[in-house]
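Descriptive analysis of the structure
The residues making up each chain are set out below.
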Amino acid sequence: MDVPTTVTTALADRPVTGRVCLEAGAGVGNTTAGLLKAGASRVYAVTDDGEHANAVYERVDSGDADRTAVLKADLRRLPLAIDSVDLITAHGLFNVLPPPWLESVAAELTRVATPGCHLVIDDYEPLPDDAAVRELFALENAATELAEGRPALTFYPATVLRRLFVGYGWEFDRQRTLLDPVPWTTGHIEAHAEVAQTAASEVSGELGASLMTAAERLATEIGAESVGQMYSVALQLPA
Amino acid sequence: METRPLGETGHDSTVMTFGAIALNWLEQDGADQLVELVLDHGVNHFDVAPTYGDAELKLGPKLRQHRAEIFLGCKTQKREYEGAKRKLEQSLTRLGVDRIDLYQIHGLEYEHELETITGEGGALEALREAQSEGLVDHIGLTSHGDPQLILDALDRIDDLATVMFPLNPVVAGKDDDEYDYEAVFERADELDVGTLGIKAFAKGPWPSTDELPERDRPYANWYEPVDTPDEIRERFDFAAAQGLTSVVSPGDPKLVAMVLDAADRYDGMSEEAQRSLIERLRHEQSPVPEQLHH
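Residues numbered from 1 in each chain as written. Chains lettered and ligands numbered in written order. Predicted model: local features only at pLDDT ≥ 70, side-chain atom pairs only at ≥ 80, totals over all residues. Heavy atoms only, no water.

As for the state of the cysteines
Residues and elements named next belong to chain A. Applicable threshold: Criterion for a disulfide: a pair of cysteine sulfur atoms at a distance within 2.5 Å. Relative accessibility thresholds used throughout: buried, under 20% of the residue-type maximum; exposed, over 50%; partly exposed, between the two (1.4 Å probe, protein chains only).
Counting across every chain of the model gives zero disulfides over all chains. As a non-bridged cysteine, cysteine 117 has cysteine 21 as the owner of its nearest cysteine sulfur, 8.6 Å distant. Of the residues examined, cysteine 117 reaches a relative accessible area of 0% and is grouped as buried.

Description of unusual backbone geometry
The test is simple: Every helix listed is a DSSP run of H or I at least four residues long, and every strand listed is a run of E at least two residues long, numbered separately from the N terminus.
Here the amide bond leading from aspartate 180 of chain A into proline 181 of chain A is cis, since omega sits at 10°, within 30 degrees of zero. As for its placement among the helices and strands, proline 181 of chain A is situated in the loop between β6 (171-179) and β7 (183-184). At aspartate 83 of chain A, a residue that is not glycine, the phi angle is positive and equals roughly 55°. Take aspartate 83 of chain A: it is sitting in the loop between β3 (68-72) and β4 (85-91). Among the residues examined, aspartate 83 of chain A registers a relative accessible area of 44% and is labelled partly exposed. Phi is positive for aspartate 192 of chain B, close to 60°, though the residue is something other than glycine. By the element assignment, aspartate 192 of chain B lies in the loop between α8 (181-190) and β9 (194-198). For aspartate 192 of chain B, a relative accessible area of 38% puts it in the partly exposed group.

Describing the pairing of strand β9 (residues 230-236) of chain A
For a regular strand, the rule is simple: side chains alternate between the two faces of the sheet. Residues and elements named next belong to chain A. To keep things clear, this is the line we draw: Note on pairing: two strands pair once DSSP finds at least 2 bridges between them.
Burial analysis of β9 places six of its seven residues in the buried class, which makes it a mostly covered element. In this structure, strand β5 (residues 113-124) lies alongside β9, joined through seven bridges in antiparallel fashion. Pairing of histidine 118 across the sheet is with glutamine 236, part of β9. Bridge analysis of β6 against β9 gives seven bridges, and the strand direction is antiparallel. Bridge pairing in β9 links leucine 179 to methionine 230.

Observations regarding the interface of chain A and chain B
Put simply, the test is: Should any heavy atoms of two residues lie within 4.5 Å, those residues are considered in contact. Here the quantity called buried area is the accessible surface, traced with a 1.4 Å probe, that two parts lose on coming together, added over both. Salt bridge, as applied in this entry: a Lys or Arg side-chain nitrogen positioned within 4 Å of an Asp or Glu carboxyl oxygen. In protein, a polar contact means a hydrogen-donor-capable atom and an acceptor-capable atom, both N or O and within 3.5 Å, with residues adjacent in sequence counting only if both atoms are side-chain atoms; elsewhere, any N or O pair within 3.5 Å suffices. In this count, Pro and Cys sit with the nonpolar residues alongside Ala, Val, Leu, Ile, Met, Phe, Trp and Tyr, while Asp, Glu, Lys and Arg are called charged and the others, Gly among them, polar.
In this assembly, 17 residues from chain A lie in contact with twelve residues from chain B. Carbon and sulfur atoms supply 46% of the area buried between chain A and chain B, which totals about 1,200 Å² over both sides. Sorting the residues of chain A by area buried against chain B places Asp2, Thr5 and Pro183 of chain A first, and these three jointly supply 37% of that buried surface. Here chain A and chain B share one salt bridge between them. Across the salt bridge formed by lysine 37 of chain A and aspartate 175 of chain B, the nearest N and O atoms sit 3.4 Å from each other. Seen at the junction of chain A and chain B, the total is eight residue pairs in polar contact (both at pLDDT 80 or more). Breaking the side of chain A that touches chain B down by element, the ones donating at least two residues are α1 (5-11), α2 (30-37) and β6 of chain A. Residue composition of the side of chain A that touches chain B, by class: seven nonpolar, seven polar and three charged.

Considerations on the sheet that holds strand β12 (residues 246-248) of chain B
All names here are of chain B. This is how it is decided: Only the contacting stretch of a helix is used when fitting its axis, a line to C-alpha atoms as for every element, and angles between N-to-C directions run 0 to 180 degrees.
The strand order around the closed barrel formed by eight strands is β3-β4-β5-β6-β7-β8-β9-β12, and the pairing between neighbours is parallel. Taking each pair of neighbouring strands and ignoring which way they run, the sheet shows an average axis angle of 30°. For β9 and β12, the ladder comprises two bridges, and the chain directions are parallel. Each residue of the ladder has a partner; that of glycine 197, found in β12, is valine 247. Lying over the sheet, helix α6 (residues 147-156) contacts β7 (136-142) and β8 (160-166), oriented at roughly 175° with respect to β8. Packing of α8 onto the sheet brings it into contact with β8 and β9, and relative to β8 it is tilted by some 160°.

Quick look at the structure:
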């Protein structure tokens, strides 16, 4: 189970060993793998995506199965008790949360956190104006707004998320840069183009068709691009 | 060009080592020109082996002319006393010099080889004898095999001055022990053993010969190399930033000038940029340690 260096770097100065952890927005389980490797006593890997839940479940080594619980759940309504988690990670989570969700997710993560709980938020700074990938992400957002009524991606500056959680009683601990630049590989670009195309397929008429064509064209034109920054912000609840 | 102490040898090696296998693909005039170019850039550490075609012979003339400026590494693939002694004599003759600064056990791949090398009548005896006779100054080891085996060798051979092993962002992004050359680097560093990095420029294994026959491969490397100035510089910066004593240039002469340029301009690489490179490449295939023969 390869753990990305972004995850190991973000966790390196956090007390993971023996802690009950929550990976908020598990994706394919990169951080779950990192938390298990770092000695977490238990990891709740939460995702609202069934495919991701299966991917995380399959990724966890059989020897770690008794330390891992994959939960398919909404982060705004966690099936976890008050004061039950010692360390929370949100690695690449917030960029897929639309702005109206921020408060309810922050409130819910705070509810399940023990006094003294650590929180690690790893995410992307807004992209510079001249980034080619911005056009693809804008198109992806347009298609998902039309299809689902919400954007697929929002890049929140580190200061915004930091202040959000400070507002819920968390104390800022440290910030570091994980990636500079961020490598948007061909695989990433194709995955984003596919999200845009799937959304565009639900948009009727010529508009949907043109969005699909544009997504394919952009993915081909961009190929891969290294641009922007990924940050890690760590906070802690007063004990 | 920046220099760094080569372990406890007392020598400061340039952050780039010239892999003299590149000379094998050139005529003598071209070989002479390439050595002059490398020396003009200040490179002071050369590495050659009898298995590199006629690279030893082609290096000879310029090596003898500039002997004082060059820290010379050579190698043997022999595992037993007699063979190693004979190969050393052959290399001295072919190079036309009376001393090799660093003589290395070449291409360690299997546990049983390590047993033979370190056992009675093993190659190490020949190397230590040559050292006492002044034919060899320091003893080293090279491998692109199992990192755990290299760690074993570091534990068992206490007079190793250097170790040469792969280090690049592709292997750095993989967690399995079979790719853990970083552990080799860390142990060598703790022991103050000089570290020479190979495969820094490996993009991946070549496609199968059905897809790309050997005669159509554009570079004389046994792996597919990165080949643009930016990629070469990025790979050089990464390898040098890990703290290796020196990064060995790739085997194809067409790439050497770009590596020289990268080495000249090396001024560090931030940790976040190193991670960016690892993240970009960590799902790529690595030509080490699967393809062991070169």
